[in-house]
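Each chain, letter by letter, is given below.
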Amino acid sequence: MARLGLLALLCTLAVLSAALLAAELKSKSCSEVRRLYVSKGFNKNDAPTHEINGDHLKICPQGYTCCSQEMEEKYSLQSKDEFKSVISEQCNHLQDVFASRYKKFDEFFKELLENAEKSLNDMFVKTYGRLYMQNSELFKDLFEELKRYYVVGNVNLEEMLNDFWARLLERMFRLVNSQYHFTDEYLECVSKYTEELKPFGDVPRKLKLQVTRAFVAARTFAQGLAVARDVVSKVSVVNPTAQCTHALLKMIYCSHCQGLVTVKPCYNYCSNIMRGCLANQGDLDFEWNNFIDAMLMVAERLEGPFNIESVMDPIDVKISDAIMNMQENSVQVSQKAFQGCGPPKPLPAGRISRSISESAFSARFRPYHPEERPTTAAGTSLDRLVTDVKEKLKQAKKFWSSLPSNVCNDERMAAGNGNEDDCWNGKGKSRYLFAVTGNGLANQVSNPEVQVDTSKPDILILRQIMALRVMTSKMKNAYNGNDVDFFDISDENSGEGSGSGCEYQHCPSELEYNATDHSGKNANNKASHAGARIRAQPYLLTVFCILFLVMQREWR
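First, a word on what this report is: a plain description of the structure on this page. Quick caveat, the model's predicted, so the values are computed rather than measured.

Moving on: the overall build of the protein chain. Helix and strand counts for the protein chain stand at 21 helices and 4 strands. For the protein chain, the share of sequence-separated contacts (at least 6 apart) that also reach a separation of at least 24 residues comes to 81%. If you sum the accessible surface of the protein chain, you get close to 27,300 Å²; carbon and sulfur atoms cover 51% of it.

Rendered as structure tokens:
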């Protein structure tokens, strides 16, 4: 009997211990989770003070938890916002690089044209005086057309320059033969002999080649910087899919529900989720790299034979050389024109003397000395601009394929590579065992964390790929010195961002399926049930002891 009494006492103590243990397990504090939850601006009434049963959780592991249903929903929205914010930060830097370089290049180019026009105007006034003033609209029109080509692009440079030289020939031919009267038809006949007469020497041919190549390269390069800026701007606005949103919640905040507030996601775990969520962005990489290579090719041209600064700075000297060539060879040019177009009609005697005095070329053009030339456009030089842009272009290569890794390198998003055992793997604090998938949509078939529909590429991304492809083609044409027909390849109605996500509260049916874990919800449930079994053991012991006491009474 003493033995039975002792056994009963031990059993009673066991029951009490089990009850205390169960109470302790059940009432595990959630104070730190609650504090962090409130610090994000959420209602403290959503957060339990102690662990509760987690059967209500739809994404995070079930079992005893520090998260209510409201917390899981708000954490889902929070993780989505944090993801979008990190992507935006990564892309905004690149966008700012292209935007600032485009602005600087654009500013430089326009000021270069203004300086060249001012330089020509100042020196032609000094050199030719009234004669130039009377014909200045011809030169003004030349620069207006060059500006219009740069800004709008719908100018045929070759035809425009041919027209300039033809108009200049008409004016010059009248001036050097001021004793004659020329009809428009006669001057049109003279212009037909331009190639044969070569009144301006070889200057028009050389200048046309230099101007065309330099302007095409400069404008195309500036357009390329603008296209890169716009592509990054559009692609950086990411709207995660429902499956991506689930995965983000599981990665960033489900650890809090288990009280692991200081444990960060494993690096490879983060990498798989980012590659799944940014699958479409990864498909940009191939065309983006081709585009960057083409930009670098044109940049080399701008530093060498297509340097627009070296073309525009001395354009006043070149045009004046052409004018002087016409003046010096005016007799031979006029004789050949008279032979081809017939003898012109002389002006009356009184008008001849007045015309000759008005058209006298009393001075040769005096080119600028270096110290007299205008201040360098935009406070810099083309060489410095291009050198800077080339460095930025090289850094921007492979940006989209590196984006998932760059996001996970952010200490807010994941643990470092060296912390592989003490990190959150989506289920607990342990090593992440899955391999990292490749970039791009096609590689997501095997992604263990994010379910991605690989049959539906993102329309916005496809548009940006096409924009890059078109611009790359134009770059290659510009590199070869060919003129390019520009059109607006941006699409303002292409949508606010990529992806086709929905807000957490609008997708209740999809929450029933855990799209972030291809091992299935069952694996998660098993882990949760295993935890529940461990917590249930004290209760089983209590039941056993009660039955033992009942049986003991029966034995008595």
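On to helix α6 (residues 184-192), then. Where α6 is concerned, the buried positions are Tyr186, Leu187, Cys189 and Val190. End-on view of α6: buried residues confined to an arc of 155°, all on one side of the axis. Exposed side chains of α6 directed beyond 90 degrees from the buried face belong to Asp184, Glu185 and Lys192.

Once that is clear, we can look at the pattern of salt bridges. For the structure shown, the criterion picks out 20 salt bridges. Across the pair glutamate 117 and lysine 147 runs a salt bridge, and its minimum N-O distance is 3.1 Å. Within this pair, whereas glutamate 117 is found in helix α3 (residues 69-128), its partner lysine 147 is found in helix α4 (residues 130-151), the two being separated by 30 residues in sequence. Residue lysine 147 is classed as partly exposed on the basis of its relative accessible area of 23%.

The next point concerns the nonpolar core. Residues Trp288 and Ile319 are the most contacted members of the largest nonpolar core, which totals 138 residues. The element best represented in this core is α3, accounting for 17 residues. Excluding residues within four positions of it along the chain, tryptophan 288 makes contact with Leu94, Phe98, Ala228, Val231, Val232, Ala396, Lys397, Lys398, Phe399, Trp400 and Leu468.

This structure, assessed with the given rule, holds 7 disulfides. Residue cysteine 266 pairs covalently with cysteine 423 via a disulfide, S to S 2.0 Å. The disulfide joining cysteine 266 to cysteine 423 has a torsion of about 90° about its S-S bond and is therefore right-handed. Here cysteine 423 lies in the loop between α19 (399-408) and α20 (459-479) and cysteine 266 lies in the loop between α10 (254-257) and α11 (267-277), a separation of 157 residues in the sequence. Cysteine 423 matches cysteine 266 in its accessibility class, with the two residues each being buried. Between cysteine 270 and cysteine 408 runs a disulfide, and the two sulfur atoms are separated by 2.1 Å. Its torsion about the S-S bond being -90°, the disulfide of cysteine 270 and cysteine 408 is classed as left-handed.

As enumerated under the stated definition, the model contains 25 aromatic pairs in all. On the numbers, 5.8 Å between centres and 70° between planes, the contact of phenylalanine 139 with phenylalanine 164 is edge-to-face. Highlighted residues: phenylalanine 139 in helix α4 and phenylalanine 164 in helix α5 (residues 157-176), separated in sequence by 25 residues. Here phenylalanine 139 matches phenylalanine 164 in class, with each residue buried. Ring centres of tyrosine 432 and phenylalanine 434 lie 5.6 Å apart, and the angle between their planes is 55°; this geometry places the pair in the tilted category.

Counted at 1.5 Å a residue, the expected span for helix α15 (residues 315-328) with its 14 residues is 20 Å, and the 20 Å between its end C-alpha atoms agrees. The set of residues buried in α15 consists of Ile315, Asp316, Val317, Ile319, Ser320, Ala322, Ile323, Met324 and Met326. Looking at the buried side of α15, the elements it contacts are α3, α4, α5, α8 (203-235), α14 (308-312) and α16 (330-341).

What follows is about the environment of arginine 219. Locating arginine 219 in the fold gives a position in helix α8. Overall, the relative accessible area of 3% leaves arginine 219 in the buried class. Expressed as a C-alpha distance, the spacing of arginine 219 and tyrosine 149, which sit 70 residues apart in the sequence, is 8.4 Å.

Assignment of secondary structure puts serine 401 in helix α19. Using a relative accessible area of 18% as the deciding quantity, one classes serine 401 as buried. Here aspartate 285 takes part through its side chain, which lies 3.0 Å from a polar atom of the side chain of serine 401. With near-sequence residues (within four places) excluded, serine 401 lies in contact with Asp285 and Asn439.

Turning our attention to the packing of α4 against α8. Relative to each other, α4 and α8 sit at 35°, their axes nearing to 9 Å. In this structure, α4 uses Leu146, Tyr149, Tyr150 and Val151 to contact α8, whose residues at the interface are Val211, Phe215, Val216, Arg219 and Ala222. Counted by class, the contact of α4 with α8 contains 8 nonpolar, no polar and 1 charged residues.

A few words now on the environment of glycine 276. Summarising the element assignment, glycine 276 is placed in helix α11. Between the C-alpha atoms of glycine 276 and valine 450, which are 174 residues apart in sequence, the distance is 5.4 Å. In contact with glycine 276, not counting residues within four places along its chain, are Gln444, Asn447, Val450 and Val452.

This paragraph deals with the environment of leucine 403. Assignment of secondary structure puts leucine 403 in helix α19. Leucine 403 gets classed as buried once you look at its relative accessible area, which sits at 0%. Here the alpha-carbon distance between leucine 403 and isoleucine 87, two residues 316 residues apart in the chain, equals 8.2 Å.

About the criteria used
- Residues numbered from 1 in each chain as written.
- Predicted model: local features only at pLDDT ≥ 70, side-chain atom pairs only at ≥ 80, totals over all residues.
- Heavy atoms only, no water.
- Helix = DSSP H or I, 4+ residues; strand = E, 2+ residues; numbered from the N terminus.
- Contact = heavy atoms within 4.5 Å.
- Areas by Shrake-Rupley, 256 points an atom, 1.4 Å probe, with all protein chains shown as cover.
- Buried < 20%, exposed > 50% of the residue type's maximum accessible area, 1.4 Å probe, protein only.
- Arc of directions from axis to C-beta.
- Salt bridge = Lys/Arg side-chain N within 4 Å of Asp/Glu carboxyl O.
- Core = buried A, V, L, I, M, F, W, Y, C linked by side-chain atoms within 4.5 Å.
- Disulfide = S-S within 2.5 Å.
- Phe/Tyr/Trp six-rings, centres within 6.5 Å; stacked < 30°, edge-to-face > 60°.
- Expected span 1.5 Å × (residues − 1).
- Polar contact = N/O pair within 3.5 Å; in protein donor to acceptor, adjacent residues only side chain to side chain.
- Axes fitted to C-alpha atoms, helices over the stretch in contact; angles between N-to-C directions.
- Nonpolar A, V, L, I, M, F, W, Y, C, P; charged D, E, K, R; others polar.

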